[in-house]
Amino acid sequence: MVSRLTVTPPSQPQPLDTLRGSLYMVGTAVMFASAFVATRYTVGAAPPLLAAALRFTVAAAALAAFLGAQRRGCRPGGSPNARPGGRSADGREGDSGRLAAMAPGDRARIVVLGVLGVFAYHALFFWALQFTPASLSALIVPTTLPLATALMARAVLGERLGPYTLAGVAVATAGVALAAGPSADTASAGWLGPALLLVAVACFAAYSVLGYAPVARYGALRVTTYATVVGAALLWVAAVREWAALPHVPAGAWAAIAFMGVGSSGLGLVWNYRGGALLGPGRAAGFLYLVPLFAVTGSVLLLGESVYPRQLLGGGFIVLGVLLAQRRPGRKTLRFRGRKTATGRE
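Quantities reported herein were computed from a predicted structural model and do not represent experimental measurements. (Residues numbered from 1 in each chain as written. Predicted model: local features only at pLDDT ≥ 70, side-chain atom pairs only at ≥ 80, totals over all residues. Heavy atoms only, no water.)

**Digging into the overall build of the protein chain**
Here is step 1: Helix and strand counts for the protein chain come out as twelve helices and four strands.
Here is step 2: Here the protein chain holds 346 residues, and the buried ones make up 51% of them.
Here is step 3: Within the protein chain, contacts between residues at least 6 apart in sequence are counted, and of these 86% link residues at least 24 apart.
Here is step 4: Accessible area for the protein chain stands at about 15200 Å²; split by element, carbon and sulfur atoms hold 68% of it. (Helix = DSSP H or I, 4+ residues; strand = E, 2+ residues; numbered from the N terminus. Buried < 20%, exposed > 50% of the residue type's maximum accessible area, 1.4 Å probe, protein only. Contact = heavy atoms within 4.5 Å. Areas by Shrake-Rupley, 256 points an atom, 1.4 Å probe, with all protein chains shown as cover.)

Have a look at this one:
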């Protein structure tokens with residue numbers, strides 16, 4: 001099944017969808033930021049690829065449980081979102097709770113999503129940390145990911161980048177640079193680590209944008225679950241030399257891994273898709289500039305780290321950039337063959 005996208009101006013503004021999408025993306029930023037804190041706590045307790053494989057195994061199990069509960073919940077009284085054609089808004093068939101069959105092309109696309117967004121991104125990220133200071137990594141990833149997603153959306157979906165979006169990107173980028181500047185150790189980083197991080201960012205941007213078509217047809221939860229299973233399996237293969245360390249992972253690291261699996265890799269990914277569907281991928285990506293701000297806050301409160309006035313000022317610029325990016329004249333409608341939404345709503 002081939003996706004077809006047309007962009008048309010909406011007849012009436014829908015502020016409720018904007019609010020819902022914004023809340024989803026703020027929640028996404030909180031979950032993604034908490035992963036930095038939890039990962040920092042876990043450093044040294046488990047090898048990186050093994051920790052990533054454990055994290056996404058937990059995430060796959062949690063997402064599968066969410067998906068099963070969703071299916072069971074629609075059986076007694078039927079799906080509240082059932083449509084005349086028999087398929088509900090979350091990808092189920094009628095009122096039976098049975099999942100709609102996937103087209104072969106969509107199955108292949110979901111495998112690609114698992115390879116790009118779960119396996120490749122995290123494998124490259126952990127590899128890059130061997131050559132790049134954590135402070136520089138925190139500067140590169142949150143800053144370039146929203147821009148890369150917006151550019152990918154422009155290339156794949158034809159989404160227009162308005163002046164407010166470009167201004168918001170510039171202001172938020174300056175804020176991240178200001179907040180992370182004092183602790184960045186660029187002298188010891190070299191080119192390999194930053195290059196790997198940029199490739200990882202491109203992988204996740206492609207994952208975010210390419211996922212919107214299957215999400216529109218089958219729902220964010222189902223697509224995210226299947227992609228996570230694929231990525232987790234590949235991470236276990238990549239971590240084969242680290243399996244021997246599994247019995248020695250301490251309890252605290254297990255708790256952090258469980259939190260990352262359910263929260264950051266489970267709810268965070270689902271909310272990311274749902275928020276992007278309501279706001280548009282380029283606009284929603286601007287909220288990812290909140291990740292470093294939330295990560296610094298979590299580090300201070302939970303890890304006892306220090307925060308400096310320059311970081312607080314940078315955080316203010318980040319918030320201002322996000323607000324600017326949201327001031328976009330007009331809304332756009334995404335229409336995918338087989339399922340049409342005014343805002344990408346499931």
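**Some details on the environment of L198**
Here is step 1: On the secondary structure map, L198 appears in helix α6 (residues 192-210).
Here is step 2: By relative accessible area, which is 45% here, L198 ends up partly exposed.
Here is step 3: With residues up to four places along the chain from it excluded, the contact list for L198 reads I140 and T144.

**Considerations on a nonpolar patch on the surface**
Here is step 1: A contiguous nonpolar surface patch, about 460 Å² in accessible area, is contributed by Y41, L301, L302 and L303.
Here is step 2: No other element matches the three residues that helix α11 (residues 290-303) contributes to the nonpolar patch.
Here is step 3: When you line up the elements, L301 lands in helix α11.
Here is step 4: The exposure class of L301 is exposed, given its relative accessible area of 68%. (Patch = residues over 30% accessible without salt bridge, like charges linked within 9 Å, V, L, I, M, F, W, Y side chains within 5 Å. Salt bridge = Lys/Arg side-chain N within 4 Å of Asp/Glu carboxyl O.)

**Observations regarding empty space enclosed by the protein**
Here is step 1: All chains considered together, the criterion is met by four cavities of 30 Å³ or more.
Here is step 2: Lining the largest cavity are M25, L145, T149, F204, S208, Y212, N272, P281, A284, A285 and L288.
Here is step 3: Listing elements by their share of the lining of the largest cavity, those giving two or more residues are α4 (134-156), α6 and α10 (281-285).
Here is step 4: At three residues, α10 tops the list of elements feeding residues into the lining of the largest cavity. (1 Å grid on protein atoms, 1.4 Å probe; cavity = no way out; pocket = protein on both sides within 12 Å on 5 of 7 lines; lining within 4 Å. Points joined across faces, edges and corners; volume = space filled by probe spheres on them.)

**Overview of the packing of helix α8 (residues 220-238) against helix α9 (residues 251-279)**
Here is step 1: Packing of α8 against α9 brings their axes to within 9 Å, and their N-to-C directions diverge by 135°. Taken together, the axis directions place α8 and α9 in an arrangement best described as oblique. Considering how the two elements wind past one another, α8 and α9 form a crossing that is right-handed. Residues A220, L221, T224 and T228 of α8 form the contact with α9, whose participating residues are L269, V270, Y273 and R274. (Axes fitted to C-alpha atoms, helices over the stretch in contact; angles between N-to-C directions. Parallel < 35°, antiparallel > 145°, perpendicular 65-115°, else oblique. Left-handed = near helix turned anticlockwise from the far one by under 90°.)

**Looking at helix α1 (residues 15-42)**
Here is step 1: With 28 residues, α1 ought to run about 40 Å at 1.5 Å a step, and its terminal C-alpha atoms sit 41 Å apart, in line with that.
Here is step 2: Just downstream of α1 lies G44, where phi reads positive at about 90°. (Expected span 1.5 Å × (residues − 1).)

**A few points about the environment of L166**
Here is step 1: For L166, the position within the fold is in helix α5 (residues 163-180).
Here is step 2: A C-alpha to C-alpha distance of 7.3 Å links L166 and A325, two positions 159 residues apart in sequence.

**A word on helix α3 (residues 104-128)**
Here is step 1: Over its 25 residues, α3 runs 34 Å from end to end, which matches the ideal 36 Å to within 8%, given 1.5 Å per residue.
Here is step 2: Most pronounced at A120, the bend in α3 amounts to some 35°. (Bend = angle between axes of the 7 residues up to and from the residue.)

**Some words on the side chain of S34**
Here is step 1: Relative to the helices and strands, S34 is located in helix α1.
Here is step 2: Residue classification places S34 among the buried residues on the basis of a relative accessible area of 16%.
Here is step 3: Of note is the side chain of S34, whose polar atom sits 2.6 Å from the backbone oxygen of M31.
Here is step 4: Once residues within four sequence positions are removed from consideration, S34 is found in contact with F259 and S264. (Polar contact = N/O pair within 3.5 Å; in protein donor to acceptor, adjacent residues only side chain to side chain.)

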